[in-house]
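Residue-level listing of the chains:
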Amino acid sequence: MTKSRRSKHFDILGEQVSKQSVYLGVAGFVVFIAAILGGGYYLIAKNRDSVPRSSEVKSVASEPVSAKAEPLKPLVAQVTPDAVSIARELPSPPVSITSLPGLLERHVTATRFDEVDGFILNGEVSAEGNIWDLTLLARQPNLYKLKTEAPNGELYFEYAYDGRQGWLRQSHDQLKETKAEFYMSMAVLESSLTHLAWSYRSAAALEGGLDSVLELRPAEVWNGHNCAVVVSRGILPFPIIHYIDTGTFEEVYRRATVRGMNDAAAEIELHFAPADGSTPHRLPMGYELYIDGKLHDTVTYTKIRVNRVILSSLFDAPSDCKILLDLSQP
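Along every chain, residues carry numbers that run from 1 in the direction the sequence is written. Restriction of local features to residues with pLDDT of at least 70 applies here, the model being predicted, together with a cutoff of 80 or more for giving and counting side-chain atom pairs; totals for whole chains, interfaces and linings are based on all residues. Hydrogens are left out, water is left out, and the side-chain values use all remaining heavy atoms of the structure.

## Describing the overall build of the chain
Where helices and strands are cited, they refer to DSSP runs of H or I of at least four residues and of E of at least two residues respectively, numbered from the N terminus. For the chain, the count of helices and strands is 7 helices and 15 strands. Summary of the burial criterion: residues with accessible area below 20% of their type's maximum are buried, those above 50% are exposed, and those between are partly exposed, where the area comes from a 1.4 Å probe applied to protein chains only. Within the chain, buried positions represent 36% of all 330 residues. Only heavy atoms enter the contact rule, under which two residues are in contact if any of them lie within 4.5 Å. Put simply, of all contacts in the chain between residues at least 6 apart along the chain, 51% involve residues at least 24 apart.

## Re helix H5 (residues 177-191)
Multiplying one less than the number of residues by 1.5 Å gives the expected span of a helix. Between the first and last C-alpha of H5 there are 21 Å, a value that for 15 residues agrees with the 21 Å anticipated at 1.5 Å per step. Most of H5 sits inside the fold, with 12 of its 15 residues counted as buried. Within H5, burial applies to Ala180, Glu181, Phe182, Tyr183, Met184, Ser185, Met186, Ala187, Val188, Leu189, Glu190 and Ser191.

## Some thoughts on unusual backbone geometry
Of note, the bond from Gln140 into Pro141 is cis; its omega dihedral lies within 30 degrees of zero at 5 degrees. At Arg112, a position not held by glycine, the phi torsion is positive, near 60 degrees. Within the secondary structure, Arg112 sits in the loop between helix H4 (100-111) and strand E3 (118-127). Despite not being glycine, Asn223 shows a phi value in the positive range, around 50 degrees. Turning to its location among the elements, Asn223 is positioned in the loop between strand E8 (214-222) and strand E9 (225-232).

## What to know about the environment of Leu143
Structurally, the position occupied by Leu143 is in strand E5 (residues 143-149). Distance in space between the C-alpha atoms of Leu143 and Gly166 is 10.0 Å, their sequence separation being 23 residues. Setting aside anything within four residues of it in sequence, one finds Leu143 in contact with Leu137, Ala138, Tyr161, Asp162, Ser312 and Phe315.

## A closer look at the pattern of salt bridges
Salt bridge, as used here, is a side-chain nitrogen of Lys or Arg placed within 4 Å of a carboxyl oxygen of Asp or Glu. What the rule picks out here adds up to 13 salt bridges. Salt bridges sharing common partners tie together Lys145, Glu158, Arg169 and Asp320.

## A word on a nonpolar patch on the surface
Candidates for patches are residues over 30% relative accessible area with no salt bridge; among them, like charges are joined within 9 Å and nonpolar side chains (Val, Leu, Ile, Met, Phe, Trp, Tyr) within 5 Å. A 1.4 Å probe and the Shrake-Rupley method give the accessible areas. Residues count as covered only by the protein chains that appear here. On the surface, Val309, Leu311 and Leu314 cluster together into a nonpolar patch covering about 310 Å² of accessible area. If you trace the backbone, Leu311 turns up in the loop between strand E14 (294-306) and strand E15 (323-326).

## Observations regarding the packing of aromatic side chains
For any two aromatic rings, the description comes down to two numbers: the centre-to-centre distance and the angle of the planes. Geometry of aromatic contacts follows a simple scheme: Phe, Tyr and Trp rings, the Trp one being its six-membered ring, pair when their centres are within 6.5 Å, and the pair is stacked under 30 degrees between planes, edge-to-face over 60, tilted otherwise. According to the stated counting rule, one finds 9 aromatic pairs in the structure shown. Each ring, one from Tyr243 and one from Tyr253, has its centre 4.9 Å from the other, and the planes form 55 degrees; the classification is tilted. Taken together, the positions of Tyr243 in strand E10 (residues 240-245) and Tyr253 in strand E11 (residues 251-259) put the pair 10 residues apart, joining distant regions of the chain. As far as the burial class goes, Tyr243 and Tyr253 line up, both buried. Following the ring pairs from residue to residue traces out a cluster consisting of Phe119, Tyr144 and Trp198.

## Digging into the side chain of Thr111
Tracing the sequence through the fold places Thr111 in helix H4. Pairs of N or O atoms within 3.5 Å make up the polar contacts considered here, provided that, within protein, one atom can donate a hydrogen while the other can accept it, and that residues adjacent in sequence are counted only when both atoms are side-chain atoms. Side-chain polar atoms of Thr111 contact the backbone oxygen of His107, separated by 2.7 Å. Among residues more than four places away in sequence, those in contact with Thr111 are Phe249, Glu250, Pro280, His281 and Arg282.

This is how it looks when you write it as structure tokens:
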């Protein structure tokens, strides 16, 4: 009796197809379906993990915001110089200033001038195509000194103010008293960079009240800056009008009306260059000086030193000084 052999083919639609081919095809199809199902499950699980749970969202939304919460960090880690330049040209958003002490507190916090007992600045003065070296010294409460010198050292002007008396020394012909007084006034305006902060903490403000030395005026817009305006008087020889940017709380502009060279009133203006951030104390990096609306010279500081030892004797009039001026206010 012979054994029947099993067929090695399937009869599909009248065609003989190898069983091995059929089995391999079915296996491949099963593997393909399994891969699709597995990938879909992986994507669903991944998306589920990336979405916060509703309970977590509710918890965060309902949690009260603390007044001491840290500010959000900027999305951009680095700011390019071009971006800084553009930002400085845009007007700062206005801040409502309701009191003089509130403004001054913001000013000293932003500039840290209340930490400054004195400073030494070195730089250059550019005027009418000539460049002179400049040295400026200041010490609390109101000692100021400014010297400009030609690069060859042959010509120089030196001014100082001790809170009451000013003196002037120069390398060539002496100036007439009215002209000397005008240049002295200009030097006081230029050198008293921290005057607002020092006035705020001064003995005069403590004894006579803050309003006796500083006055808050209505806000103004100057050169695209939203500014709080303060008038200082009683400490320096003449009143000064200060413009404080209410975005940075740094002084951007000041002006004063003084006795001019021809005995007529003259207006002196300083347009300050912003601090460059090289020191924690926000001293400007220079300024443009205008007299009666015309640019007189441009000052650029190249070296700033703060809280160095500065002897008060450096502001005393030297023995060869021929011009002494009583600049105390009447």
